[in-house]
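What follows is the residue order along each chain.
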Amino acid sequence: MLSKFFGDRAFYKKILFVAVPIMIQNGMTNFVNFLDNIMVGGIGTEQISSVAIVNQLIFVFNLCIFGAISGAGIFSAQFFGKKDIDGVRSTFRYKIWIAFIITSITIIIFTLFGGDIINKYLQGSADGGDMAVTLMCGKQYLSIMLFGLPAFMVTQIYASTLREAGETIVPMGAGVSAVVVDLVFNWLLIYGKFGFPELGVRGAAIATMMSRYIEAGIVVFWTHYKRRRFTYINGMYRTLKVPAVLLKDILKKGLPLLLNESLWAGGMAILAQCYSVRGLAVVAGMNISNTIGNLFNIVFFAMGDCISIIVGQLLGAGKMEKAKDTDRKMITFAVLCSMVVAVVLFTFAPMFPENYNVNSQSKELAASFMRIAACFIPMVSFLHSSYFTLRSGGKTIITFLFDSVFMWVVSVPVAYSLSHYTGMRIEYIYICVNAVDIIKCIIGFVLVKKGVWLNNIVESCPKN
């Protein structure tokens, strides 16, 4: 019985070989945000709240890019399993087109309406903070962060394809380099050290923008430098044409993913806005909690990526039973690891807010939010693994209903109703919003167990 859910040493060695570099890379990316929060949090409540709001908006863009290239990524992983390099090359070109379109639209929207959007998060009580200062800082931070969006776009195009090819070390190294740059220039530019100007939130934005370009430069250089290994990059830019039949297939599978990630990220932004009506202290506390929580969530995030890569390659190779067995063991491993992470976060939650120069109410709320989130980590880990399992087999319509539709039909109405029409404490509202995901757990368990995701979607795809 145990062998059904647990693998041997070779199995876990293979899993960790793929997962650990992804964990480190994601950890470094989240650590960049953590550094911004710690250093900006040393200035005051208004500054950290402004950064929190803008990062929530940037998060929507990040997930739109992720969703856009994930559709092609499903095909890339299976093309690699099939050893079809022409197919990989075509999916890479699709990523370029879709990511460029999304980045351009995002920059236009935030340039024209960024201030108005930020102001939507400043409708609650000030709680000792200054709303006008928060809005001003938010505008300054956003205007600079927009210049980093193209670099993030390029990084995701190249790094995602490298990971789908089984190369996770280089993206990890690029992420580490980005953290070093961000750390150094945060300190220099936020506080004006060693003769650099004291720029506050603008300094944090400049440092983050620089780190994004360093990360992009590394993954681009390495891919082209190792063209004998990553042969799909040879002749990549001779044309940007994507075969019509393949384009149709990617759009068919990819558009639900793009819509899913976009709507889900938008839903998360609406949830944040619902919480924000309870005051500026809630905005600051939620930001601290989310930033710290993301550092702990890298385990199940990495396991989700790992499932999409390993299981996707097995499906592309036509090894259905092995894919099913591998997936079951990987989900078990992900949930068990997340339990350990949850205990650690719950135990040390009160310590993290002490690193921030915010009011006591914000610190207390941050600790409470972190402990609540810790209790739900194993459940979220299972949901994340189920989502990537379904996605690896091309069941993107199901994942769309499973994820973003549920968010807008259930989670958002619950959060909006409780925050606007009741006097319930914000901590209890947060618990209720998280608890409704139990319904998704049940649905995900049934779908994964039935094996509706066991599909080879590249078997008949054209090579050119």
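The shown structure was predicted, so the numbers you read here are calculated from the model rather than taken from an experiment.

Trainee: What is the right way to look at the overall build of the chain in this model?
Mentor: Summing up its helical and strand segments, the chain has 15 helices and zero strands in all. Projected onto its principal axes, the C-alpha coordinates of the chain cover approximately 60 × 50 × 40 Å. Taken across its 464 residues, the chain has 56% of its residues classed as buried. The long-range share in the chain, meaning contacts at least 24 apart out of those at least 6 apart in sequence, stands at 84%. Per element, the accessible surface of the chain, about 19000 Å² overall, is 67% carbon and sulfur. The chain carries 39 positive and 25 negative side-chain charges, and their two centres are separated by 10 Å.

Trainee: Hey, could you run me through the pattern of salt bridges in this one?
Mentor: Pairing between side chains of opposite charge can happen when the charged atoms of each approach one another. Taken as a whole and judged by the stated rule, the model has seven salt bridges. Of the charged contacts, one joins arginine 89 and aspartate 86 as a salt bridge, the two residues approaching to 2.8 Å between their closest N and O atoms. You can see arginine 89 and its partner aspartate 86 sitting in helix H4 (residues 85–119), three residues apart, about one turn around the helix. A relative accessible area of 14% places arginine 89 in the buried class. The class for aspartate 86 is partly exposed, based on a relative accessible area of 27%. The closest approach of N and O atoms between aspartate 325 and arginine 328, which form a salt bridge, is 3.1 Å.

Trainee: How should I be thinking about H4 in this particular structure?
Mentor: Residues spaced three or four apart along an α-helix face the same direction, because each turn holds 3.6 residues. Here H4 contains 35 residues, and its C-alpha end-to-end distance of 48 Å stays within 8% of the 51 Å for a straight helix at 1.5 Å per residue. Of all the bends found along H4, the most pronounced is centred on phenylalanine 113 and spans about 75°.

Trainee: Whenever I open this one, the packing of helix H7 (residues 169–191) against helix H8 (residues 201–225) confuses me. Can you help?
Mentor: Running from N to C, H7 and H8 cross one another at 155°; their axes reach a closest spacing of 8 Å. Classified by the interaxial angle, the pair formed by H7 and H8 is roughly antiparallel. Once H7 is placed against H8, the crossing between them reads as right-handed. Mapping the contact onto sequence places Val170, Pro171, Ala174, Gly175, Ser177, Ala178, Val181, Asp182, Phe185, Asn186, Leu189 and Ile190 in H7 and Gly203, Ala204, Ile206, Ala207, Thr208, Met210, Ser211, Ile214, Glu215, Ile218, Val219 and Trp222 in H8. In terms of residue class, the contact of H7 with H8 is made up of 16 nonpolar, six polar and two charged.

Trainee: Teacher, can you tell me more about the packing of aromatic side chains here?
Mentor: Aromatic rings in a pair are described by how distant their centres are and how their planes are angled relative to each other. In this structure the tally under the stated criterion is 17 aromatic pairs. For the pair phenylalanine 61 and phenylalanine 152, a centre-to-centre distance of 6.0 Å together with 55° between the ring planes defines the contact as tilted. With phenylalanine 61 in helix H3 (residues 45–82) and phenylalanine 152 in helix H6 (residues 149–164), this pair connects stretches of sequence that are 91 residues apart. Taken as a pair, phenylalanine 61 and phenylalanine 152 share a single burial class, namely buried.

Trainee: So what exactly am I meant to see when it comes to H6 here?
Mentor: End to end, H6 covers 22 Å across 16 residues, agreeing with the expected 22 Å (1.5 Å per residue, within 8%). Among the 16 residues that make up H6, 14 are buried, leaving the element largely enclosed by the rest of the structure. Of the residues flanking the end of H6, it is glycine 166, one or two places downstream, whose phi is positive at about 95°.

Trainee: I would appreciate a short explanation of a nonpolar patch on the surface in the present structure.
Mentor: Nonpolar side chains collect at one region of the surface, where Leu16, Val20, Ile24, Val176, Val180, Leu183 and Val184 lie side by side and expose about 470 Å² of accessible area between them. Counting only elements with at least two residues in the nonpolar patch, the list comes to helix H2 (9–41) and H7. Broken down by element, the nonpolar patch gets its largest block of residues, four residues, from H7. By the element assignment, leucine 16 lies in helix H2.

Conventions adopted
- Residues numbered from 1 in each chain as written.
- Predicted model: local features only at pLDDT ≥ 70, side-chain atom pairs only at ≥ 80, totals over all residues.
- Heavy atoms only, no water.
- Helix = DSSP H or I, 4+ residues; strand = E, 2+ residues; numbered from the N terminus.
- Buried < 20%, exposed > 50% of the residue type's maximum accessible area, 1.4 Å probe, protein only.
- Contact = heavy atoms within 4.5 Å.
- Areas by Shrake-Rupley, 256 points an atom, 1.4 Å probe, with all protein chains shown as cover.
- Lys, Arg positive; Asp, Glu negative; His and termini not counted.
- Charge placed at Lys NZ, Arg CZ, Asp CG, Glu CD.
- Salt bridge = Lys/Arg side-chain N within 4 Å of Asp/Glu carboxyl O.
- Expected span 1.5 Å × (residues − 1).
- Bend = angle between axes of the 7 residues up to and from the residue.
- Axes fitted to C-alpha atoms, helices over the stretch in contact; angles between N-to-C directions.
- Parallel < 35°, antiparallel > 145°, perpendicular 65-115°, else oblique.
- Left-handed = near helix turned anticlockwise from the far one by under 90°.
- Nonpolar A, V, L, I, M, F, W, Y, C, P; charged D, E, K, R; others polar.
- Phe/Tyr/Trp six-rings, centres within 6.5 Å; stacked < 30°, edge-to-face > 60°.
- Patch = residues over 30% accessible without salt bridge, like charges linked within 9 Å, V, L, I, M, F, W, Y side chains within 5 Å.

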